[in-house]
Amino acid sequence: MKTTALTSGPAKPIASRAPKRNDDRVILHFDYDCFYASVFENANPALKRQPVGVKQKSILATCNYVARARGVRKLMLISEAQKMCPELVVVNGEDLTPFRDVSKKLWAFLRPHSWNGRVERLGLDEVFLDVTDVVAYNVELLNRNALRDSFFQLERQDPEKGFSFDATRFFGCVQPPVDEKDVASLMENPLCARLLLASHLAGYLRLKLEDDFGYTSSGGISTNKVLAKLAGSVNKPKNQTTLLSLHDDDIQDFMDGHKLRQIPGIGSRTAQLIQDHVLSTNTSDANTHDLELGGKVTVHAVRTHPGMSADQLERILERPGAERGGGHTVWNLLHGVDPSEVKEASDVPVQISIEDTYLARPLNTPAEIVRELGALATSLVRRMRVDLVVDDPDPSDPGPRWIAYPKTLRLSTHPKPKQTPTGMTEGFRRSSRSQALPSFALALRGESAEAVGERLASETLLPLFRRLHPERSGWNIAMVNVCVTNMVMVAGSDAAGSGTGGTGRNIASMFRTQEDKLREFTVYDNTPIEDTITGSSADGVDPTQSAAEAREGEENVWEVELPADAAVEPGGMSPDSDADAWDDGDESQRCHICGHTIPIFALSAHERFHNISD
């Protein structure tokens, strides 16, 4: 039987259709204005009317708006910034402790205002709040006959805790703009009503941040994280923007005006590949760090390019090691669709990361590696004991307790980018190795952070480094990062839920007991280790090195940059403490319990032997 097609032309691929956006949520985004500079200004109010730049080594990590008005920009060399603005006040921002402490304090204030507990910190100066529940509750409380005298209730159990507001107008700016006389009719639209109330909640919180803590901020209000973040960037600083979708094309028109690289979630490598396809260019891999990548095409140009679709983006982004589905994710982002959830608030970080950079003086000798790994490991242990340990009020066994502990230790490095024959600079390529965090790193009583850090460096990090860089020298290392992750909550801890913290079990004593029980089965190797590490280097780190760019774009990381003069204290790790880390022969690693050198393939079985209980 002959059949006839029901369509007059080729069927349009489903993947090329605009994805459907879910507008059920209400998301707030806060971005603290010039956060690093504001911390110094709050500590010293005399700086508020002066141009202030925050340096990290030889560059300005950021600067305040007074300095920006005079031509100063972040990531400028300090020498260039001072020529541009001779009266620039430069303050040292290499110690991130004060920024981290203020960030936690502001986050703790914002946290209770999300009833569903979804409060996500992005870096030190940005916060997402999912306020869907609290806004929906207050929409039901609105008196449509007295909108000007509305009251926003902040707690279900306390009807008097909240603030008054005028529900006939939005707080702050609106995109696209609306006439105030039309707001009353817009309140008939459930989405507009929810976003209007959310704008007043955002405005209330921003004013409290300024009045009670001294920090101004920019805010974005929309229905997902990407739209809220982009909306908050429209009217900066010290302002906020609510993104409405009164018509079908409002959100798409808003997205189309952005450069591709401005869209959160689209990185430089992805932007490069898409831009090359749209412009029919071939950007060299050596120039993948160029800030112009993705800055030459708009979302509209990409979205309307002939043949562009989610499937086409998938083919454009296809390369060895690329994650499947990336094209569909980018296609969604181009249309303002972002289903990612705001992460639930937790007192425990996802990971703790310590790094330093050596662009001006790369690391090339074992002695330099030993010195820097020792310093980084010691700083890492200190941060673990600050962020993951609480004092136990139990009088029967007082002392510090872990509320959570990491399972994985990761070492990452990357060499200094090389110059290509054409004069371009290669992109940064990071290499990483991970392994289980040894139990001795969790010892609290009787073990100083310095002692644990030195042991962690010599017995764990040095072998990891050797596996990353089997050569004996000449690595030209420009960055070293040490990280612990895969956090495990300790039984009895309440830190992940309510945020009240918890005492937890004393797992440090468990590890001590384990070592005592296994002592009689432990074989110690007292054979002297041949000294194969030679060479020396200048003390300290060159002040022209910078770690500012290394931290760009990282999410959910509580990170510390090592001060420029950081070094292992006298009496610390000797350069020959693990000299056999560079010995020739088969891959092996020293057991952290008995100290014996075990081949890599047999290490897991050897550790199971130690775990046998009596």
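For the structure, check the block above.
None of these values were measured; they are calculated from a predicted model.

Quick notes on the rules
- Residues numbered from 1 in each chain as written.
- Predicted model: local features only at pLDDT ≥ 70, side-chain atom pairs only at ≥ 80, totals over all residues.
- Heavy atoms only, no water.
- Phe/Tyr/Trp six-rings, centres within 6.5 Å; stacked < 30°, edge-to-face > 60°.
- Lys NZ or Arg CZ within 6 Å of the ring centre and 35° of its normal.
- Buried < 20%, exposed > 50% of the residue type's maximum accessible area, 1.4 Å probe, protein only.
- Helix = DSSP H or I, 4+ residues; strand = E, 2+ residues; numbered from the N terminus.
- Pairing = 2+ DSSP bridges.
- Salt bridge = Lys/Arg side-chain N within 4 Å of Asp/Glu carboxyl O.
- Axes fitted to C-alpha atoms, helices over the stretch in contact; angles between N-to-C directions.
- Contact = heavy atoms within 4.5 Å.
- Parallel < 35°, antiparallel > 145°, perpendicular 65-115°, else oblique.
- Left-handed = near helix turned anticlockwise from the far one by under 90°.

Draft legend 1. View of the packing of aromatic side chains. The final tally for this structure, using the stated rule, is 12 aromatic pairs. Through successive ring pairs, a cluster of aromatic residues spans Tyr32, Phe35, Tyr36, Phe40, Phe99 and Tyr215. Geometry around tyrosine 65 places arginine 68 over its ring, the cationic atom sitting 4.8 Å from the centre. Note that lysine 225 overlies the ring of phenylalanine 128, its terminal NZ or CZ placed 5.2 Å from the centroid.

Draft legend 2. Just the pairing of strand β6 (residues 126-130), in detail. Of all 5 residues in β6, 5 are buried; the element is thus mostly enclosed. Residue alternation in β6 divides its side chains into two sets, Glu126, Phe128 and Asp130 and Val127 and Leu129, and both sets are buried. Here strand β1 (residues 27-32) pairs with β6 via 5 bridges, running antiparallel. By the bridge assignment, aspartate 31 is partnered in β6 with glutamate 126. Hairpin geometry of strand β5 (residues 119-122) and β6 is characterised by an intervening segment of 3 residues between the two adjacent antiparallel strands and by a positive phi of about 65° at glycine 123.

Draft legend 3. Spotlight on the pattern of salt bridges. What the rule picks out here adds up to 18 salt bridges. Its salt-bridge partner being aspartate 256, residue arginine 303 comes within 2.7 Å of it at the nearest N-O pair. Taken together, the positions of arginine 303 in helix α11 (residues 299-303) and aspartate 256 in helix α9 (residues 250-256) put the pair 47 residues apart, joining distant regions of the chain. A salt bridge links arginine 371 to glutamate 372; its shortest N-O distance comes to 2.7 Å. Residue classification places glutamate 372 among the buried residues on the basis of a relative accessible area of 1%. Through salt bridges that share partners, Lys104, Arg383 and Asp387 make up one connected network.

Draft legend 4. The arrangement of unusual backbone geometry in detail. The omega torsion of the bond from glutamine 175 to proline 176 falls at -5°, within 30 degrees of zero and hence cis. Summarising the element assignment, proline 176 is placed in the loop between β9 (173-175) and α6 (183-186). In this model, lysine 236 is joined to proline 237 through a cis peptide bond whose omega is -5°. Along the chain, the position of proline 237 falls in the loop between α8 (225-232) and β11 (240-243).

Draft legend 5. Region of interest: the sheet that holds strand β10 (residues 217-222). Pairing in this open sheet of 6 strands is mixed, and the strands run β5-β6-β1-β10-β11-β9 from one edge to the other. A strand with exactly one partner marks an edge of an open sheet, and here the two such strands are β5 and β9. The sheet shows a mean angle of 20° between the axes of neighbouring strands, direction not considered. Pairing geometry for β10 and β11, over 3 bridges, is parallel. Bridging from a neighbouring strand, isoleucine 221 pairs with threonine 242 of β11. Sitting on the sheet, helix α4 (residues 97-110) touches β1, β5 and β6, and the angle it makes with β5 is about 160°.

Draft legend 6. Representation of the packing of helix α10 (residues 268-279) against helix α12 (residues 310-317) within the structure. Packing of α10 against α12 brings their axes to within 9 Å, and their N-to-C directions diverge by 110°. By the angle between their directions, the pair α10 and α12 is classed as roughly perpendicular. Crossing handedness for the pair α10 and α12: right-handed. Facing Thr270, Leu273, Ile274 and His277 of α10, the residues of α12 in contact are Gln312, Leu313, Ile316 and Leu317.

Draft legend 7. Summary view of the pairing of strand β15 (residues 404-415). With 11 bridges connecting them, β15 and strand β17 (residues 477-489) associate as antiparallel partners. Bridge pairing in β17 places proline 406 opposite methionine 487. Bridging between β15 and strand β16 (residues 431-436) involves 6 bridges; their strand directions are antiparallel. Across the sheet, the residue bridging to leucine 411 is arginine 433, located in β16.

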